[in-house]
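Take a look at the letters that make up each chain.
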Amino acid sequence: MRLTTTDILECNEDQLKQHGRAFDFFSSLHLNAEAIVEKIMLFQVAIPSWALGNGGTRFGRFPGGGEPSRLEQKIEDIALLNTLNRSSNAISLHIPWDIPERPDEIKSFAAELGIRFDAMNSNTFQDQPGQEFSYKYGSLQHTDKAVRNQAIEHNIEVIRYGQELGSDSITVWLSDGSCFPGQLNFRKAFSNVLSGLKEIYSALPPDWKMFVEYKPYEPNFYSTTVGDWGQSFLYANKLGPKAYTLVDLGHHLPNTNIEQIVSLLLMERKLGGFHFNDSKYGDDDLTVGSIKPYQLFLIFNELVEGMDAQKMDHAKDLAWMIDASHNVKDPLEDLLQSVEAILISYAQALLVDRRSLDEAQQENDVVRSQEILQSAFRTDVRPLIAEASLRAGGALKPIDVFRKLKVREQLIKERGRVSVASGL
Ligand code: PSV
Ligand code: MN
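Scope of this entry: the structure provided in the associated data block. (Residues numbered from 1 in each chain as written. Chains lettered and ligands numbered in written order. Predicted model: local features only at pLDDT ≥ 70, side-chain atom pairs only at ≥ 80, totals over all residues.)

### Topic: the pairing of strand 7 (residues 169-173)
- For strand 7, a buried count of five out of five residues is recorded, marking the element as mostly surrounded by other parts of the structure.
- Inspection of the sheet shows strand 6 (residues 120-121) paired to strand 7 by two bridges, in the parallel sense. When the bridges of strand 7 are listed, Asn121 appears paired with Thr171.
- Running through helix 6 (residues 145-165), the crossover from strand 6 to the neighbouring parallel element strand 7 is right-handed.
- Direction of pairing for strand 7 relative to strand 9 (residues 209-213): parallel, over a ladder of five bridges. Residue Ile170 lies in a different strand from strand 9, and its bridge partner there is Met210. (Buried ≥ 20, exposed ≤ 12 C-beta atoms within 10 Å, placed from the backbone. Helix = DSSP H or I, 4+ residues; strand = E, 2+ residues; numbered from the N terminus. Pairing = 2+ DSSP bridges. Right-handed = clockwise from strand over helix to strand, strands pointing away.)

Here's what the structure looks like:
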């Protein structure tokens, strides 16, 4: 199914007046409204190929119908999202869940729909049918060199697919670790992973980046070989200038100060990108901003401050991706909510009065510092997000339009009620 700009414009029609009033009012209060709209228009968030169907838990999965079962359909779904919000023009592919049989054809298919390929993701956390060696006891950390080589080869193959598709980065997430004390020699595991990553790193094309993602637990519950940002940072430093840490918001123990991690990684020029989601307990993969919106704002506050300090391009210099799972919601509606939450936090962070905050910090005025941050956080910036979408030809209210145009119903008609997307 494809949506046209005309479909969207028609749906915008009856909200235009009210939006115009809200935007004018906002602009009368905030002199930088125009500059923020321009920045939002440039900001794009990549959608993961594995998040277009319903996820589930080990207790069950409840597919909602009309899920994309082929890569082309996944790209079509992302194009639908992007037509609605004009802020999600990229796909992040997971291999082997989404192997492009003919990469050149897939690349031009995506380009026709205005979709490009963001970071590639490898998978050495599951055994695939016909695979020679098992990853039961890890992949790059494995005691057996043959298993390590298989994992290295897989990652290099993922880079090759990425090259053909026009991607320029690979995210390596390893589930390597141990479930019980004594199972693993930590030093040997670390050095096996490091030498494996070095081989993958040396296969990177010159303009590519490698993102090393960390996670404290699951599927291993006693130790994880890339368990936190410190370990990821250690690998990234030892690997070289093309290696960076990737922060997945769900991969922290409760109450971790993620914004501080972000600030320090940026300072060290080692922050590569994000997997956005939200969580109540752990790697819950919930809709971005649904549980801790203030934390998301504080993260963006550090991002804007730190990126500006390094004169970085907000839109291009970090990889912005969602990594979520949708157990009870329509995945496309959920993704629209997630992208909107990201843009809201970004816009609020752009509203922070940095000079006053700096002064308040210098004077140790704790109350004023908090007031400055919270006054930005408590500002309703939705007229700015809507204006950015409108100017780019998108919907003022993407979810309303999705429902009004009966997108899910159409997808079910086209693909059937029982089609199932690949992924977790
Ligand atoms: C692992 O939990 C992870 O966050 C990694 O990014 C994987 O690639 C993805 O989720 C798989 O769903
Ligand atoms: Mn992730």
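### What to know about the environment of Trp320
- When you line up the elements, Trp320 lands in strand 13 (residues 319-322).
- The buried category is assigned to Trp320, around which 25 C-beta atoms lie within 10 Å.
- Along the primary structure Trp320 and Phe274 are separated by 46 residues, whereas in three dimensions their C-alpha atoms are 5.3 Å apart.

### Observations regarding the pairing of strand 12 (residues 271-276)
- The buried fraction of strand 12 is high, at six of six residues.
- Of the strand pairs in this sheet, strand 11 (residues 243-248) and strand 12 are connected by four bridges, and their pairing is parallel. Looking at the pairing, Thr245 lines up with Leu271 of strand 12.
- For strand 12 and strand 13, the ladder comprises four bridges, and the chain directions are parallel. Bridge pairing in strand 13 places His275 opposite Met321.
- In the classification by handedness, the crossover that spans strand 12, the intervening helix 10 (residues 293-309) and the parallel strand 13 is right-handed.

### A look at helix 6
- In a regular helix each residue adds 1.5 Å, so 21 residues correspond to 30 Å; helix 6 covers 30 Å between its end C-alpha atoms and thus fits that length.
- Here helix 6 has its buried residues at Val147, Arg148, Ala151, Ile152, Asn155, Val158, Ile159, Tyr161, Gly162 and Leu165.
- Just downstream of helix 6, Gly166 is the residue with a positive phi angle, here 90°. (Expected span 1.5 Å × (residues − 1).)

### Looking at unusual backbone geometry
- A cis geometry characterises the amide bond from Ile95 onward to Pro96, with omega recorded as 15°.
- In this structure, Pro96 sits in the loop between strand 4 (90-92) and helix 5 (103-112).
- Cis peptide bonds are those with omega within 30 degrees of zero, and the linkage from Glu218 to Pro219 qualifies with 5°.
- Of note, Lys406 is a non-glycine position whose phi angle comes to about 50°, a positive value.
- Turning to its location among the elements, Lys406 is positioned in the loop between helix 15 (398-404) and helix 16 (407-415).

### Thoughts on the packing of helix 3 (residues 33-42) against helix 11 (residues 331-351)
- Axis separation between helix 3 and helix 11 bottoms out at 10 Å; the angle between their running directions is 145°. Note that helix 3 runs across helix 11; the crossing there is right-handed. Seen from helix 3, the contacting residues are Ile36, Lys39 and Ile40; seen from helix 11, they are Leu343, Tyr346, Ala347 and Leu350.
- A per-class count over the contact of helix 3 with helix 11 returns six nonpolar, no polar and one charged. (Axes fitted to C-alpha atoms, helices over the stretch in contact; angles between N-to-C directions. Left-handed = near helix turned anticlockwise from the far one by under 90°. Contact = placed C-beta atoms within 7 Å. Nonpolar A, V, L, I, M, F, W, Y, C, P; charged D, E, K, R; others polar.)

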